[in-house]
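The primary structure of each chain is shown beneath.
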Amino acid sequence: SQQGEEDPQALSIQEGENATMNCSYKTSINNLQWYRQNSGRGLVHLILIRSNEREKHSGRLRVTLDTSKKSSSLLITASRAADTASYFCATDTNAGKSTFGDGTTLTVKP
Amino acid sequence: ETGVTQTPRHLVMGMTNKKSLKCEQHLGHNAMYWYKQSAKKPLELMFVYNFKEQTENNSVPSRFSPECPNSSHLFLHLHTLQPEDSALYLCASSQVSGGQNIQYFGAGTRLSVL
């Protein structure tokens, strides 16, 4: 089964609202990453959080990591229509390999 | 522009055809990857190359044959594919160091097998 599982599978919000996506994983990790994918395109790296970090910010993105619960969350504040995309978490266990989750599809309505 | 270029962007092929997908990275990375992304399925890692050596083959059928002639180029040779092989094929590269593995993806090749 997949190392990372995102929740919810799909999320629809109004522009200006916050969007929260969650990722759960099963084994110990070195890092956890979040990626974004626009429809039919490649994935784009958003943010990386190390296993010894609990929270990280990048612009309107806030990522938390709880290694005791083996979970992470991605918060997008003040969402925009351009944030509409699929968001994936990826767990890094060994150098050179990342395991991607199933993704959350976010729709931001103007 | 991510620094990873995939060609072609779209490919339609019959089950008896032979075609190749190409990936080129201009980032000086030491690792390259092939992924398959099917509709409503998770991203599937197919092959990993580190310093031109294949380090991972996730039970991929032999009708998919990777080739990595140097650290900047990666090919995926296709032959006698099945309709279920229709998917978006993504290439990625990374500089693996310090336990971090931030991957840079190409835009993908949308493959349709008739």
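So, here's what we can say about the structure. (Residues numbered from 1 in each chain as written. Chains lettered and ligands numbered in written order. Predicted model: local features only at pLDDT ≥ 70, side-chain atom pairs only at ≥ 80, totals over all residues. Heavy atoms only, no water.)

1. Regarding the sheet that holds strand β8 (residues 73-79) of chain B
Residue and element names in this part refer to chain B.
So, point 1. In space, the four strands of this open sheet follow the order β1-β3-β8-β7, with antiparallel pairing throughout. The sheet is open, and its two borders are formed by β1 (4-7) and β7 (64-70), each paired with just one other strand. Neighbour-to-neighbour, the strand axes of the sheet open up by a mean angle of 15°, direction not taken into account.
So, point 2. Here β7 runs beside β8; their pairing, made up of five bridges, is antiparallel. Within β8, the position partnered with proline 66 by the bridge is leucine 76. (Pairing = 2+ DSSP bridges. Helix = DSSP H or I, 4+ residues; strand = E, 2+ residues; numbered from the N terminus. Axes fitted to C-alpha atoms, helices over the stretch in contact; angles between N-to-C directions.)

2. As for the interface of chain A and chain B
So, point 1. Taken together, the contacts link 22 residues of chain A with 21 residues of chain B.
So, point 2. In total, about 1,700 Å² of surface goes out of reach between chain A and chain B, with carbon and sulfur atoms giving 52% of it.
So, point 3. At the junction of chain A with chain B, the criterion picks out zero salt bridges.
So, point 4. Viewed at the interface, chain B and chain A are joined by four residue pairs in polar contact (both at pLDDT 80 or more).
So, point 5. Secondary structure elements with two or more residues in the side of chain A that touches chain B: β4 (31-37), β5 (43-50), β9 (85-94) and β10 (97-100) of chain A. (Contact = heavy atoms within 4.5 Å. Buried area = accessible area lost by both parts, 1.4 Å probe. Salt bridge = Lys/Arg side-chain N within 4 Å of Asp/Glu carboxyl O. Polar contact = N/O pair within 3.5 Å; in protein donor to acceptor, adjacent residues only side chain to side chain.)

3. A closer look at the state of the cysteines
So, point 1. Per the counting criterion, the structure on display carries two disulfides over all chains.
So, point 2. Each sulfur of the disulfide joining cysteine 23 of chain A and cysteine 89 of chain A lies 2.0 Å from the other. One quick way to see it: the torsion about the S-S bond of cysteine 23 of chain A and cysteine 89 of chain A is about 65°, and its sign makes the bridge right-handed. Remark: cysteine 89 of chain A occurs in strand β9 and cysteine 23 of chain A occurs in strand β3 (residues 19-24); sequence separation between them is 66 residues. For the residue pair cysteine 23 of chain A and cysteine 89 of chain A, the accessibility class agrees, reading buried in each case.
So, point 3. In this model cysteine 23 of chain B forms its disulfide with cysteine 91 of chain B; the gap between the sulfur atoms is 1.9 Å. Here the disulfide of cysteine 23 of chain B and cysteine 91 of chain B is left-handed, its torsion about the S-S bond being about -75°. Of this pair, cysteine 23 of chain B sits in strand β3 (residues 18-25) while cysteine 91 of chain B sits in strand β9 (residues 87-94), and the two are 68 residues apart along the sequence. (Disulfide = S-S within 2.5 Å. Buried < 20%, exposed > 50% of the residue type's maximum accessible area, 1.4 Å probe, protein only.)

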